Amino acid sequence: MSDQRAKRPVRAGAAACAALSGLALLAPLVGCAPGPSLSARFPDVQRMLDSRAHAVEQRDEAGFLAAVDPRATAFRDRQHAVFGNLSGVPVTDWHYDLDATDAFPLPPGEGGERLAAKVRLRYRLKGYDTAPVNAVQYLTLTERDGRWLISSDRDGAPAGRSGNRQLWDQGPVRVVRGRHSLVLGGASHSARLRDLARRVDRAVPAVSDAWKGTWSEKVVVEAPDSVERMAQLMGSDDPSGYTGIAAVTTGEAGVTTNAPADRVIVNPDAYEELNDLGRKVVLTHETTHVATRTVTTASTPLWLSEGFADWVAYRGVHRKPATAAPELTRAVRAGTPPGRLPTDADFGFRAGADRLATAYEGSWLACRMIAEKWGEAKLLAFYKAAGRSAPRTSAATGDAPIEVATAGPASARPGPPAAGAGHRPAAGRTELTDRALRTQLGVGLGEFTRQWRAYVKRLLGR
């Protein structure tokens, strides 16, 4: 993910995804036959959830509200509003799965059986998503007169179980359709939504021209009304971790099939602070992460995934390198150029603004050097080779953030991985990167680093 804010253009950054552990596959097989699924153990609950999902697809408000506890009047009023907010959103394949029945401590309540349910919502946006979005909900279920009903979706919040709020949970949703884009946002900011659609429609062909790989060429953007609501979409009640973030791309990296759909989520406060070039850079960077998602894996170093997205975003933009990379330029001219390529730690929230900016700028120049010295085709080949032979990564809850974009006080600047994003395992990745460099560019990592340092000093030291 990336933070993008500031009065100058911003670059986007990518968040890492954690690799699956193979140890889970070593569990003994004898005496470990799986028990019945939760849906089988609680068939009445699953039937209620299925009926509710069917009501959404059929636009049946009475059927949707039939799953709500009539005694939970405030919750019922909110659900009535939610159903109305969904009216213009092209949702399809709506489905709920019961994942757990003891997911959070239940507050004191009336008599009768209750369940603290973790429910996974899956849905697609018709015409845009080839795979579903996954979102987690924490619901209090109450049995009344032999029927299971939903009484609350907020009881888990004190225990940090808030789940992923959707835009329609927050208020009315306006939909703007572009040639390559679908933008969803608050009903009171139609000009911003149209601006986002226009810019993404321009970003998609620019990314395709640079990437040349096969991808959907469709981007879904969500533009909530505030950073607080952005945090809710990311499954957090704490907006402080997103204050400096202009955009976040969610999805699951390194998966070619059955992967959750991508979403670019925009922080309206940060986006409004960007100038014209900053907005272009941020959305092109984010679109690049959508396009390259299936070949970006746990083996892909962050300097490559972030640098490549910046390279695409700045491709065709005529700016002096020293202007686009002010922090790195200051370091070079002060006689303290970087001695190594950026590490994952350099992209972290706690790295500090200068270190973070320097990491993005150095990563961009590394990819720029490859394109200039070996050619754009070799840059693409190296990117794909660097991500091969990596384990599949997955999101623990909902869609994992795979990229972010931030704005700094100077020129276009990306931001750090978003809160909750995992770090990629370093073990073995250096060797894989070295192998990919030798195979595609004919130099090892040590020699590549030496050439990059010389390139940075030559380009920025003037």
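Residues numbered from 1 in each chain as written. Predicted model: local features only at pLDDT ≥ 70, side-chain atom pairs only at ≥ 80, totals over all residues. Heavy atoms only, no water.

Novice: Explain the packing of helix 10 (residues 302-314) against helix 13 (residues 353-373) to me, and be specific about the residues and the numbers.
Specialist: In helix packing, the relevant descriptors are the interaxial angle and the interaxial distance, both defined with respect to the helix axes. At a minimum axis separation of 7 Å, helix 10 and helix 13 run at an interaxial angle of 70 degrees. As far as their axial angle goes, helix 13 and helix 10 are roughly perpendicular. Residues Trp303, Leu304, Glu306, Gly307, Phe308, Asp310, Trp311 and Tyr314 of helix 10 form the contact with helix 13, whose own contacting residues are Tyr360, Ser363, Trp364, Ala366, Cys367, Arg368 and Ala371. Grouping the amino acids of the contact of helix 10 with helix 13 by side-chain chemistry returns ten nonpolar, two polar and three charged. (Axes fitted to C-alpha atoms, helices over the stretch in contact; angles between N-to-C directions. Helix = DSSP H or I, 4+ residues; strand = E, 2+ residues; numbered from the N terminus. Parallel < 35°, antiparallel > 145°, perpendicular 65-115°, else oblique. Contact = heavy atoms within 4.5 Å. Nonpolar A, V, L, I, M, F, W, Y, C, P; charged D, E, K, R; others polar.)

Novice: Explain helix 6 (residues 190-211) residue by residue, including any values.
Specialist: Look at helix 6: 31 Å from first C-alpha to last across 22 residues, which is about the 32 Å you get at 1.5 Å a residue. Remark: lysine 212 follows helix 6 within two positions and exhibits a positive phi of approximately 65 degrees. (Expected span 1.5 Å × (residues − 1).)

Novice: Kindly report on the sheet that holds strand 3 (residues 91-100), identifying the contributing residues and their values.
Specialist: Spatially, four strands are ordered 3-4-5-6 in an open sheet, and the strand pairing comes out antiparallel. Of all strands in the sheet, those with a lone pairing partner are strand 3 and strand 6 (147-152), marking the two edges. Each strand axis lies, on average, 45 degrees off the axis of its neighbour in the sheet, ignoring direction. The strands that helix 2 (residues 43-57) touches are strand 3, strand 4 (114-125), strand 5 (133-144) and strand 6; relative to strand 3, the one it contacts most, it runs at about 165 degrees. (Pairing = 2+ DSSP bridges.)

Novice: Go over the packing of aromatic side chains with me, naming the residues and quoting the values.
Specialist: The tally for this structure, following the rule as stated, stands at 15 aromatic pairs. Consider the rings of phenylalanine 347 and tyrosine 360, whose centres lie 5.0 Å apart with planes at 90 degrees: the pair is edge-to-face. In this pair, phenylalanine 347 is assigned in the loop between helix 12 (326-333) and helix 13 and tyrosine 360 in helix 13, connecting sequence segments 13 residues apart. On the basis of relative accessible area, phenylalanine 347 is assigned to the buried category, the value being 0%. Using a relative accessible area of 0% as the deciding quantity, one classes tyrosine 360 as buried. Taken together, the ring pairs connect Trp94, Tyr96, Tyr123 and Trp168 into an aromatic cluster. Positioned above the aromatic ring of phenylalanine 64 is the side chain of arginine 52, whose terminal nitrogen or guanidinium carbon lies 4.0 Å from the ring centre. A cation sits over an aromatic face here: lysine 218 above tyrosine 128, 5.5 Å from the ring centre. (Phe/Tyr/Trp six-rings, centres within 6.5 Å; stacked < 30°, edge-to-face > 60°. Buried < 20%, exposed > 50% of the residue type's maximum accessible area, 1.4 Å probe, protein only. Lys NZ or Arg CZ within 6 Å of the ring centre and 35° of its normal.)

Novice: Outline unusual backbone geometry, listing residues and values.
Specialist: Note: most peptide bonds trans; most residues except glycine with negative phi. Look at arginine 59: it is not a glycine, yet its phi comes out positive at around 55 degrees. As for its position among the elements, arginine 59 is in the loop between helix 2 and helix 3 (61-65). A residue is classified by how much of its surface remains accessible, and arginine 59, at 38% relative accessible area, is partly exposed. Of note in the backbone geometry, glutamate 217 takes a positive phi value of approximately 60 degrees without being a glycine.

Novice: Go over the nonpolar core, please, and point to the residues and values.
Specialist: Phe308, Trp311, Leu365 and Phe448 are the most contacted members of the largest nonpolar core, which has 64 residues in total. Per element, the largest residue contribution to this core is eight residues, and it comes from helix 6. For tryptophan 311, the residues in contact, after removing those within four places along its chain, are Ala210, Trp364, Cys367, Arg368, Ala371, Glu376, Leu379 and Leu380. Val68, Val82, Leu86 and Val119 belong to the second largest nonpolar core, which has 51 residues in total. (Core = buried A, V, L, I, M, F, W, Y, C linked by side-chain atoms within 4.5 Å.)

Novice: Quick one: what's the story with the pairing of strand 11 (residues 263-266), residue by residue and with numbers?
Specialist: Along strand 11, one buried face is formed by Arg263 and Ile265 and the opposite face, lined by Val264 and Val266, is buried too. Pairing between strand 9 (residues 219-223) and strand 11: two bridges, direction parallel. Note that in strand 11 the partner of valine 221 across the bridge is valine 264. Where strand 10 (residues 245-251) lies against strand 11, four bridges are found, and the strand directions are antiparallel. In the strand pairing of strand 11, alanine 247 is matched with valine 266.

Limitation: the analysis is restricted to geometry and does not speak to function.
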